[in-house]
Amino acid sequence: MPDVTPSTTVRSPLRLYGRSGELAILETLLTRLRAGRGGTLVLTGAPGLGRTALLRHALDTYGPDTHATDTHAPGTRAGGGTRTGPGAPVLLHATAAPAERLLPYSGLHTLLCSAPGPLPRPVAGVPRPDTAPTALLDLLTTLGALRPLLVCVDDAHAWDAGSRAALVFAIRRLTPARGVAVLLTAAEQHAGERDFAALPELRLGPLDRSASRALLDRLTGGRADPGVREELLREAAGNPRLLTALAARLTEDQLAGRGGLPQPLSGGESLLDAYAAHVDGLPDGTLLLLLFAAAAEEHEPEGAGADAAVLLRAGQLAGVDPGLLGPAETLGAVRIDGGRVHFTQPLLRRALLRRAPLARRRAVHRILATVLDGPHRTLPRLLQSACAAAGHDPALAEALARAAGPPRPHADRAAALTRAAALSTDEALRGERFAAAAEHAWLAGDPGHARALLARVRSVPAPGRAHYVRGLIALRDGPAADAGEALLTAAELLAPHDEGRAVGALLGAAEAAWLTGDVPGYLHAMGRIGGRDRTPGRMKDPTHDPAFDPALDHFRAGMCAVLEGRPDDGRALLRGCLDAGDRSAAGALDRTGDPAALLRSGIAALVLGEVDAACRAGARALAAVRAHGPEALLPQALEHLAYGELRAGRHARARVHAYEGLRAADRLGQRNAAAALHAVLAMAASVEGDGAACTEHAASAAADAGPHGLGQAATLATWAVARADLAAGRHTRAAARLAPLVLTGPRRGHFAALMLAVPCFVEAAVLAGRGEEARAVVGEFTAWTAWTADPQAPAQLARCHALLAPAAEAAARYEEALAHHARSSGDFERARTELLYGQWLRRRRRTREARDPLRDALVAFERCGARVWAERAAGELRAAGESVAGSGPVDLLTAQQRRVARCVAEGATNREVAVRLSVSPRTVDHHLRNVFAVLGVRSRTELARLLDRDEENAANP
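All figures in this text were calculated on a predicted structure; none of them were measured in a lab.

Within the chain one finds 44 helices and 10 strands. When each of the 957 residues of the chain is scored for burial, the buried share is 54%. Pairs at least 24 residues apart make up 65% of the contacts formed inside the chain by residues separated by at least 6 positions. For the chain, the accessible area works out to roughly 39500 Å², and carbon and sulfur atoms hold 54% of it.

Set out below in structure tokens:
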């Protein structure tokens, strides 16, 4: 009799994280069953991914009168006992039940246990084994005819072949109309799984990063130190059971980062044993080849796999037939693709290494080091030798450190330096190497590994490089003020021997001050760069400084001049920064250039108001990061480009790059970049008129902007919500939100964004009857307009004057604004001026004159996708006596609703849509319900057909 109490499943947590798509599919199955129609679903997945948790969820949610037995405690009942009533659903749940309650079917006695009330018994004793499948079918049909029947079978792969065959026989002959639903779970890569191959399957994958984070926060109460959190998430690899086990083994001090983490982390032994058990039946030679593959992949990039040729040579040296890798591929443990051997389950690789005795692992590494010959394999050979080392080896450590130089990828350099540090005997040298490894891990886009490496720095005092890396990490994922202090400390420690990193630390400290809006802090950090004096454009002795960078020097001096109130000096210096960057790019063979320098050029362009130049610099910076790295700069490059496009009025492009940046920031653990990108998306949504999306993105930005002191992101998020209020006609609320940002006072907004928000405040304040407050800021905006090259500023200033002007002068001011708009691009801002002008004319009963600007505003708003603004223009145009053509049903949707509808029509699940649009599955569900209600459709199929018809009508008007 098989033991059906599984050892590879977990109890459901209080909430299932990251499984909204799977839960929706289960709910569909249960909804059909409540309506009297059946169905079948097989949940498959690797150990620990939550098969049983989902099955238990079905047990807990299927109707108020369902009876279930506990899968983990044989013979006990889940949910407090039997709950029955007239017409109550019957639930048959496979488990090991007391013998007197089992069905006396040969080969099926572990298949079903009792449902509410006694089960029907065979009329004439026990049927013969060959009639058992038919008997089971008859039983299920009989019970399904009485009331809806849910059959849950956990770990069905573990049953004997006869039971599996009988179950599949019965399932395949049940018609949906019989009111029987069957929910099975089966492990992947198990021989028994193949018996269910013909049935509908839902394959569980690992949790994504956000779901894993949410689960870990629930398990630890949010108390985990960021470095500890990243290490746990890395080790768990999206497996919820493993994450739960690893977190449970840590002490409070270890969780808080006050005590070192055990290496390796403990707690997942039983789960890793379950992974390793999948290959227990393979030949010894195959298992040795798998161990070679696991050891060879230990230092490869994630998902790169192991070189098949190296494995075969290692196998030959160990006396193993190379053909023995075939059984592992047949079983599904590995796949061979393009000469690389990949484990289908990353945790299987870890399980094989953990289970192998230390002496055997070292022998495997020694063999791999032997076959990795040739100069192009120097680093892999040294790494394998390091893994085989029995203790400290200063000579090997020095060889690894020498091999960890450019142009190797940062991830390879981090691996080499980590091994070099572990093999070093001198504690100070170990600390330097761990800090260097942490820097390269950070640059490779792995902040969790970088934090773990920093925790291994034991030298006192800690090297300046450790403070430098700690500050860089905090700059992207922590309080900006803390990052600034760490970077200033690093600069002081590094200055005597590492001028390049000292300058980098000071630039990082200046950026931290910029993020918070700390002007004195910015000037202090910039003034310390390289020990240079603060005279604009001067260094101590640039002619004798081989590292002199004219573009950087112009940037430093120009930014200081602007913030010190010398805009004319600043303009000339920042212009020199842009020119130097252009000359450098023109003379370089590689047109991509240095991404950090290009990002500084983009900042200089934005400060000058040259938004097109900022977009060009941002695009080049993004190309440079994609071509050469470092990966850690990808979210920042996308953020700068998206913000530049937003300033240029290209809101759709800004949204695309911001969504890509959000995905990168989430993957790389950079919450500060994510906050800035959410703010950009909130601004774009306020243009498109999607109030719900604007509010959601603004709230997401504020969630980290507040605790981390990100003044610029907070200002943009508030401005976005106010602009959405303005679009909806809520002038008083918009003015109340914007007043603290633009008026003088302790809550004033970020210095880099507050002037940009002034035109919105003036419009809202005038329409809300707060004209005197509006007048108070127009003077400052006038001075800024005279200095900046922003193409929209002159038109916006004229519009502000028109709003505040007496009736006799307003029309001329509006005409002046429109003349400025004619000399620049930007549909949205021009349309806003035309809308206000048309409103002003109509309210003075000049309706015929009002129609032209209102008509132009409507067309421009429609062209840039500003739905709510277009509705306002259409309403004003109708009020002016002109009929406005009706819109199609799809035009009634918000921009975000249209995006959700299009994704769903293309076949994406709610979870896939959420990932694609960087929103929560709950938000997608909310939008989809509204889409169905607005369009009057009842299914995804109807939605797809309606959208297709709408596209055809648009193509053939």
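Attention shifts here to the pairing of strand 5 (residues 149–153). Strand 5 sits mainly inside the fold: five of its five residues count as buried. Here strand 5 shows no split at all, with Leu-149, Val-151 and Val-153 on one side and Leu-150 and Cys-152 on the other all buried. In the sheet, strand 5 pairs with strand 6 (residues 180–187) via five bridges, with the strands oriented parallel. Along strand 6, the bridge assignment pairs Cys-152 with Leu-183.

For residues with low pLDDT, the predicted coordinates do not support detailed interpretation. Here the chain shows a mean pLDDT of 83. Residues at 70 or above account for 85%. Across residues 64–130 the pLDDT falls below 50, and counting only partners more than four positions away or on other chains, this stretch makes 149 contacts in the model. Below a pLDDT of 50 lies the segment residues 532–544, which in the model reaches 28 contacts outside its immediate sequence neighbourhood of four places, other chains included.

Aromatic ring pairs: the centre-centre distance and the angle between the two ring planes describe each pair. Applying the stated criterion across every chain yields a total of eight aromatic pairs. Cluster of aromatic residues (ring-pair linked, three or more members): Trp-514, Tyr-522 and Phe-751. Over the ring of Trp-719 we find Arg-723; its NZ or CZ atom is 5.5 Å from the centre of that ring.

With that settled, the discussion passes to helix 11 (residues 308–317). Among all positions of helix 11, only Ala-308, Val-310, Leu-311, Ala-314 and Gly-315 are buried. The buried side chains of helix 11 occupy one side of the element, clustering within an arc of 160° when seen end-on. Across from the buried face of helix 11, at angles greater than 90 degrees, the exposed residues are Gln-316 and Leu-317. Residues of helix 11 that are buried sit in contact with helix 10 (284–296), strand 8 (306–307), strand 10 (340–343) and helix 14 (358–371). The N-terminus of helix 11 is capped by Asp-307, whose side-chain oxygen sits 2.9 Å from the backbone nitrogen of Ala-309. Gly-319 lies just past helix 11 and shows a positive phi near 80°.

On to the nonpolar core. One finds Leu-400, Val-762 and Phe-861 to be the most contacted residues of the largest nonpolar core, which totals 167 residues. Apart from the residues within four sequence positions on either side, Phe-861 is in contact with Phe-828, Ala-831, Arg-832, Leu-835, Ala-866, Trp-869, Ala-870 and Ala-873. Grouped together as the second largest cluster of nonpolar side chains are 76 residues, Leu-26, Ala-294, Ala-314 and Val-341 included.

With respect to the helices and strands, Ala-224 occurs in the loop between helix 5 (209–220) and helix 6 (226–236). Ala-224 sits 31 residues away from Leu-255 along the chain, and the two C-alpha atoms are 4.9 Å apart. With near-sequence residues (within four places) excluded, Ala-224 lies in contact with Arg-229 and Leu-255.

All right, on to the packing of helix 28 (residues 634–647) against helix 30 (residues 671–688) then. When two helices pack together, their arrangement is given by the angle between their axes and by how far apart the axes lie. One way to put it is that helix 28 packs onto helix 30 with a least axis distance of 10 Å and a crossing angle of 25°. The pairing of helix 28 with helix 30 is recorded here as roughly parallel in orientation. The two elements helix 28 and helix 30 meet at a crossing, and its hand is left-handed. Touching Pro-635, Leu-638, Glu-639, Ala-642, Tyr-643 and Leu-646 of helix 28 are Ala-673, Ala-676, Leu-677, Val-680, Met-683 and Ala-684, all from helix 30. A per-class count over the contact of helix 28 with helix 30 returns 11 nonpolar, no polar and one charged.

Rules used throughout
- Residues numbered from 1 in each chain as written.
- Predicted model: local features only at pLDDT ≥ 70, side-chain atom pairs only at ≥ 80, totals over all residues.
- Heavy atoms only, no water.
- Helix = DSSP H or I, 4+ residues; strand = E, 2+ residues; numbered from the N terminus.
- Buried < 20%, exposed > 50% of the residue type's maximum accessible area, 1.4 Å probe, protein only.
- Contact = heavy atoms within 4.5 Å.
- Areas by Shrake-Rupley, 256 points an atom, 1.4 Å probe, with all protein chains shown as cover.
- Pairing = 2+ DSSP bridges.
- pLDDT = per-residue confidence, 0-100.
- Phe/Tyr/Trp six-rings, centres within 6.5 Å; stacked < 30°, edge-to-face > 60°.
- Lys NZ or Arg CZ within 6 Å of the ring centre and 35° of its normal.
- Arc of directions from axis to C-beta.
- Polar contact = N/O pair within 3.5 Å; in protein donor to acceptor, adjacent residues only side chain to side chain.
- Core = buried A, V, L, I, M, F, W, Y, C linked by side-chain atoms within 4.5 Å.
- Axes fitted to C-alpha atoms, helices over the stretch in contact; angles between N-to-C directions.
- Parallel < 35°, antiparallel > 145°, perpendicular 65-115°, else oblique.
- Left-handed = near helix turned anticlockwise from the far one by under 90°.
- Nonpolar A, V, L, I, M, F, W, Y, C, P; charged D, E, K, R; others polar.

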